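# Coordinate inspection notes
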Amino acid sequence: MSLPAELSGIFTHKQKSYKMVLIIALLQEMSQTSQREVSLENVKARFLAFLQEREKRREPVDSPANNTPKWADVTISLITQIIYSPISALNSILDVNPQQQTIGFKERLYNIWHQDVLIELHDHAVQELEQFYQRQTSEFTIRSALLNVLTKYPEAKREPLKNNSLGAYVRQQIPTGIKEYPFINDPNLRVQASVGMGTWATIPWIAIMDRRLTETTQKGEYIVYLFSEDMSAVYLTLMQGVTEPNKNGKNEAYIYFRNKVQEIRSMIPLEGLQKDEEIHLTSGGLGRDYQVSTVAYYKYDRDNLPPEEQLSADLENLVDNYKQYVRMVLQSEDGQENSTVDEAQLPVPNLSTSERLTAIKDYIRQRGFSFPDRLVDNFYLSLKTKPFVILAGVSGTGKTKLVQLFAEAIGATSENGQYTLIPVRPDWSDPSDLIGYKDLSDRFRPGPLTDVLLKASEPANRDKPFFVCLDEMNLARVEHYFSDILSILETQKRKEDRIVTDELIRSSALANEEDRSKYGGLHIPDNVYLIGTVNMDETTHPFSKKVLDRANTIEFNEIKLDEYPSLSANEATVYPAANAFLRADYLQLVDAYQGATIPTVENITNELVRINGILESIHSHVGFRIRDAICFYLIYNEQASLLANNEAFDFQLLQKILPRIQGSNRSVKRVLLQLLEIALDKKLSKGELEDDASEFWSNVAKTVESAKYRHSAQKIVYMLRRLDEDGFTSYWLS
C-alpha cells in the first residue's frame, strides 16, 4: 500500500536526520504502549538512545548541537532543545500536550489510518534515514565544493585547462554531488557547471536549470553560483541568461533585463535574499551584464563561508522559489487561448529517456510500421554516442523510414526543416556536392547540407534536433565526398554549454563580403545528426576503416514479412524533444571516468583488451576512439536503463568491431573463431578451432541459443560460413 498524502512528503525537506529519528522513536513507543498519545520523555529517551547506538556502532550520525562532541555526552535536557525542531517541522501531523507532556499523531488523522499505515511509515522512515546517511557520508558537500573552487581556482588558471583535475571536478563531480540533494533530485532539473572551454573562464559557474524553461545559460531563467574573478566571494543567484538578449544591443538588453527582474520579484517571495544590483564579479563587460540581469542573490565571502547546513538551506529556499516561478510560467502558457501557437514554443513534455523511447515506438507502430524495440533503443544510444550512424541492410527493409519516423516522433519533420532527406548520387566525387562550391563569378553556392547547418545554427533553433538522412550514401565513395565532414566531426569540443567543431567553411575561402557574412565560420552544431542508409551489393562501394571508426553501423538483417500494420484508430502522438535528449554528455573518456561510471568503464576496457589481443594478429585492432565510443554507449545505456549490459556490449561488438574484419586466409578464420569463443562465453576444443566451421553454421540457432553475445555470435557464424564456402569473408557478406 502507499502512504496517505499527509505522510508521503514529510521527509522531503531535511538538513538533519532528526525528523526520521523522531518518527522512529515515536512509533517504537506507540508499539510498546499500544497508545496514540505516549510519554514525551520516553520518546526523547528513545530518540537519544537511537543516535547513541549508531555512534557506538561507528555508523554515520549527525553531530550533536551546542558544541557537544559526542552523543554519548548528550543529556535529556539537551535533547529537549534538539527535538523541538523536528516536532515543529512535523506539526501538521503531530500533537504535543505541554501540560501532560505527551506526544502523538493528531487524533483526526490517526482514526482514519489503518494499522498498516504505521508499519509502512516506520519502514519509510528507516529507508529515508539510510538514504540520508549515505549522502552524508559521501565526500561531497556544497561548502567543500565552493571552498575548493574559491581557494584552488587562481592557481589552477596558471595551468593548461585540458585534463586539469580542478576543471574535471567542477564540470563533473560538483553537478553529480548537487544532484544528490533531495530538493534537487528532480527529473525537471538539470545541473551543469563550467570553467571555460579551451581557456579558463573569468567567472566560473554552477547552474541549476528547469528543462521546461531552459537548458542553456544563454537564455531563460535559472539558479546559478557565480564566482567573482578574484575568488573573494561566490554568489548564489536567480539569474537570467544574458547571451541571447544582448544580441539586440546593450541598451535594449538592459531595459529587458530590468523589466524582467521586477516582474519576477513581484511573482515569488524571495524571502532572505538580497534584491539589488550589488553583485561584484568583475569590472565591466560580462560582470555588468550579470548585475543587471540578477533577480535575487545570497553572497558568501570566501573567508567567512557559512556552514553546510546554512548553504544547503539557502539553496533549498531558492530552489523552492524557482519551482514556484516555473509553475506560474507554465500555468500561464497553458492558459493561453491562442490556437496558432507554434508547437516548438510549447513546454517540452517531462519524460524520462525510457518513457520518450516508448512514445517513439508507439508513434512508429501507430504509423503502420514495425521495428524491433531493441532496434529503436540501439539507434537512440548510437546517435547519442556519436551524431553519425550508418543503417545497413537489403533494400526495402525500412532504413530510411526508421530515420524519418524517429525524427517525426520527437517533432522533427520535413515541413519544419528539422528532417532533411539527401539522396546521394553515384557521381559525387568531392565535398562540394554536399557542402557547396564557388561558381565562376566567385559566388558561393551552398550544398544541401550547408542549408541544414545554417538553419540549425540559428539562435531560435539551437535546442531543436535536426536530422539529415543521406540515402544510399555508398552509391558514391564515402571517403571522397564525406571526408571533410568526418574530419570536422572529430574536432568536437565544449564551449560553455554547447558542443562546437572547427569551421567547416572558412571566411578566408569566400570571395565576397555577403558570402563571408552568411557562410563564413560555419561549423557543425551539436543539434545536427547525420544518418546514412546503405545497401551492400555490386552497385555500391565498401567502407574504409576511417568511416567505420567514426560511426555505429546498425544492420537490418531480421525481416519478418508476416508483421502487419496496426489496425488501431489511435492518432499518432508526437512528443517534441529538446536537443538534450540526443546531445552527447561526454566527448572524452576523462569526462565520463568518475564515480559510478568507473566500474563500467574498466569492465568494458578489460573486455576490449581481450578482443584487441585477438585482432592484432590481422592488424584490425581498435584504438582509443572506438574504446571511448563503446564506453559512452554503455554508460548512456546504464543511465537510461534500456538494455541489459551484455546485450548493450553485444550491439557494440557487432557494430564497432566485426565490421573491421575481412580477408581470406587462415588468420582471419582463427580470429573469428577466437571471437566466437568470447561471444559464446565458452572454450572451443582444439578440433573446433582447427577444422572447418560447418558444425557451427549448419545449425545457427542451436549454436547461439545460450550465447553471451547472441547477435555477435550469429554474425560471426555467418562470416565463418562465407569463409568456408567462398574462400573470402567480410561483415557485409552474410
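Relevant structure appears above.
Residues numbered from 1 in each chain as written. Predicted model: local features only at pLDDT ≥ 70, side-chain atom pairs only at ≥ 80, totals over all residues. Heavy atoms only, no water.

### Here's the deal with the environment of N259
Note on placement: N259 falls in helix α10 (residues 250-267). Note on N259: relative accessible area 52%, which makes it exposed. Along the primary structure N259 and S293 are separated by 34 residues, whereas in three dimensions their C-alpha atoms are 9.5 Å apart. (Helix = DSSP H or I, 4+ residues; strand = E, 2+ residues; numbered from the N terminus. Buried < 20%, exposed > 50% of the residue type's maximum accessible area, 1.4 Å probe, protein only.)

### Thoughts on the sheet that holds strand β1 (residues 38-39)
Within the open sheet, the three strands sit side by side as β1-β3-β2. Their pairing is antiparallel. Here the strands that pair on one side only, and so sit at the sheet edges, are β1 and β2 (94-97). Of the pairings in the sheet, the one linking β1 to strand β3 (residues 102-105) comprises two bridges and is antiparallel in character. Residue pairing for β3: S39 is matched across the bridge by T102. (Pairing = 2+ DSSP bridges.)

### Thoughts on the environment of A89
Residue position: A89 is located in helix α4 (residues 76-89). By relative accessible area, which is 48% here, A89 ends up partly exposed. With 78 residues separating them along the chain, A89 and F11 place their C-alpha atoms 9.8 Å apart.

### As for the sheet that holds strand β8 (residues 294-301)
Spatial strand order, β4-β5-β6-β7-β8: five strands in an open sheet with antiparallel pairing. Each edge of the sheet is formed by a strand with only one pairing partner; in this case those strands are β4 (189-194) and β8. Sheet twist, expressed as the mean angle between neighbouring strand axes with direction ignored, is 15°. One ladder, built from six bridges, connects β4 with strand β5 (residues 205-210); its direction is antiparallel. Each residue of the ladder has a partner; that of L189, found in β5, is D210. Most of the contacts of helix α7 (residues 142-156) go to strand β6 (residues 221-227), to which it runs at about 55°, and overall it touches β5, β6 and β7 (233-240). Running over the sheet, helix α8 (residues 165-179) touches β4 and β5 and is turned about 150° from β4. (Axes fitted to C-alpha atoms, helices over the stretch in contact; angles between N-to-C directions. Contact = heavy atoms within 4.5 Å.)

### So, the pairing of β6
The buried fraction of β6 amounts to seven of the seven residues, a majority that puts the element mostly inside the structure. For β5 and β6, the ladder comprises four bridges, and the chain directions are antiparallel. Paired with I208 across the bridge in β6 is I223. Relative to β7, β6 is paired through seven bridges, and the arrangement is antiparallel. For V224, the partnering residue across the bridge sits in β7 and is T237. Connecting the antiparallel pair β6 and β7 is a turn made up of five residues, with M231 showing a positive phi of about 60°.

### Thoughts on helix α2 (residues 18-33)
Counted at 1.5 Å a residue, the expected span for α2 with its 16 residues is 22 Å, and the 22 Å between its end C-alpha atoms agrees. Extensive coverage of α2 is indicated by the burial of twelve of its 16 residues. Two residues or fewer past α2, S34 is found with a positive phi of approximately 60°. (Expected span 1.5 Å × (residues − 1).)

### Some points on the environment of S85
Mapped onto the elements of the fold, S85 is located in helix α4. Linking S85 and Y18, residues 67 residues apart in sequence, is a C-alpha distance of 8.1 Å.

### Digging into unusual backbone geometry
With a phi close to 60°, S34 is a non-glycine residue in the positive phi region. Mapped onto the secondary structure, S34 falls in the loop between α2 and β1. S34 gets classed as exposed once you look at its relative accessible area, which sits at 63%. Of note, L270 is a non-glycine position whose phi angle comes to about 55°, a positive value. Structurally, L270 can be placed in the loop between α10 and α11 (285-293).

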